[in-house]
Amino acid sequence: MSQCTKCPLRAGCQRVVFGSGNPEAKIIFIGEAPGKKEDELGIPFVGSTGRILDKMLAEIAIKRGDVYLTNICKCRPPENRDPLPTEIQTCSTWLEKQIQIINPEIIVTLGRYALNYFLPQAKISQVHGDISEINIEKIGKMKFFPLHHPAAARINRQTRALFTQDFQKIPTILKQIKKEQ
Ligand code: SF4
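Conventions adopted
Residues numbered from 1 in each chain as written. Predicted model: local features only at pLDDT ≥ 70, side-chain atom pairs only at ≥ 80, totals over all residues. Heavy atoms only, no water. Pairing = 2+ DSSP bridges. Helix = DSSP H or I, 4+ residues; strand = E, 2+ residues; numbered from the N terminus. Contact = heavy atoms within 4.5 Å. Axes fitted to C-alpha atoms, helices over the stretch in contact; angles between N-to-C directions. Buried < 20%, exposed > 50% of the residue type's maximum accessible area, 1.4 Å probe, protein only.

A. A look at the sheet that holds strand β2 (residues 27-31). Strands sit in the order β1-β3-β2-β4-β6-β5 across an open sheet of six strands; the sheet is mixed. Among the strands making up the open sheet, the edge pair consists of β1 (20-21) and β5 (132-136). Strand direction decides the pairing type here: strand β4 (residues 106-110) and strand β6 (residues 140-147), joined by five bridges, are parallel. Of the residues in β6, the one forming a bridge with Ile 107 is Phe 144. Across the sheet, helix α7 (residues 157-167) lies against β2, β4 and β6, angled at about 140° from β6, the strand it touches most. Packing of helix α8 (residues 170-180) onto the sheet brings it into contact with β2, β4 and β6, and relative to β6 it is tilted by some 165°.

What follows is the structure in structure tokens.
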């Protein structure tokens, strides 16, 4: 992946930010694309947005190293613009491989871009915090839990409250999944 030049995003970034965490994680968190700090360090969810995610994980007693963190686009879009549909589509082969290799018990999407990659018609305002099962092409059925993006939670108090409330459901969801196994 680090050698990938399949879309124009690679020409404008410093490095491919492929992901970090436990390759055998039960949870994969999927965001939108790396930002400036992520591009500098090569690690997803660092800087102020990363600190919110770290705080949320600490509150539910889960270590960052126990989950897997990545984005739908692995290269930073110029000036942090939104990734284009063609860029998301081109990069999705990497995400698909990551999900196949990690084979998590649950996919947690962060923000509308990651949500709409899996469920194109869904609205984050309507489905955040709802657990469901989705059928992913070439992968199969997976538990799916969409959340707001921590960057949105950082700038909007109401979104922060929803994000916190939804995030705190994760331990119960994991227990429920274990019971079903
Ligand atoms: S964004 Fe994805 S597809 Fe585009 S160059 Fe980077 S790794 Fe390759």
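B. Summary view of the pairing of β4. β4 sits mainly inside the fold: five of its five residues count as buried. Residues of β4 alternate between two faces, with Ile 106, Val 108 and Leu 110 on one and Ile 107 and Thr 109 on the opposite face, all of them buried. Two elements, β2 and β4, share four bridges in a ladder whose sense is parallel. By the bridge assignment for β4, Ile 30 is matched with Thr 109.

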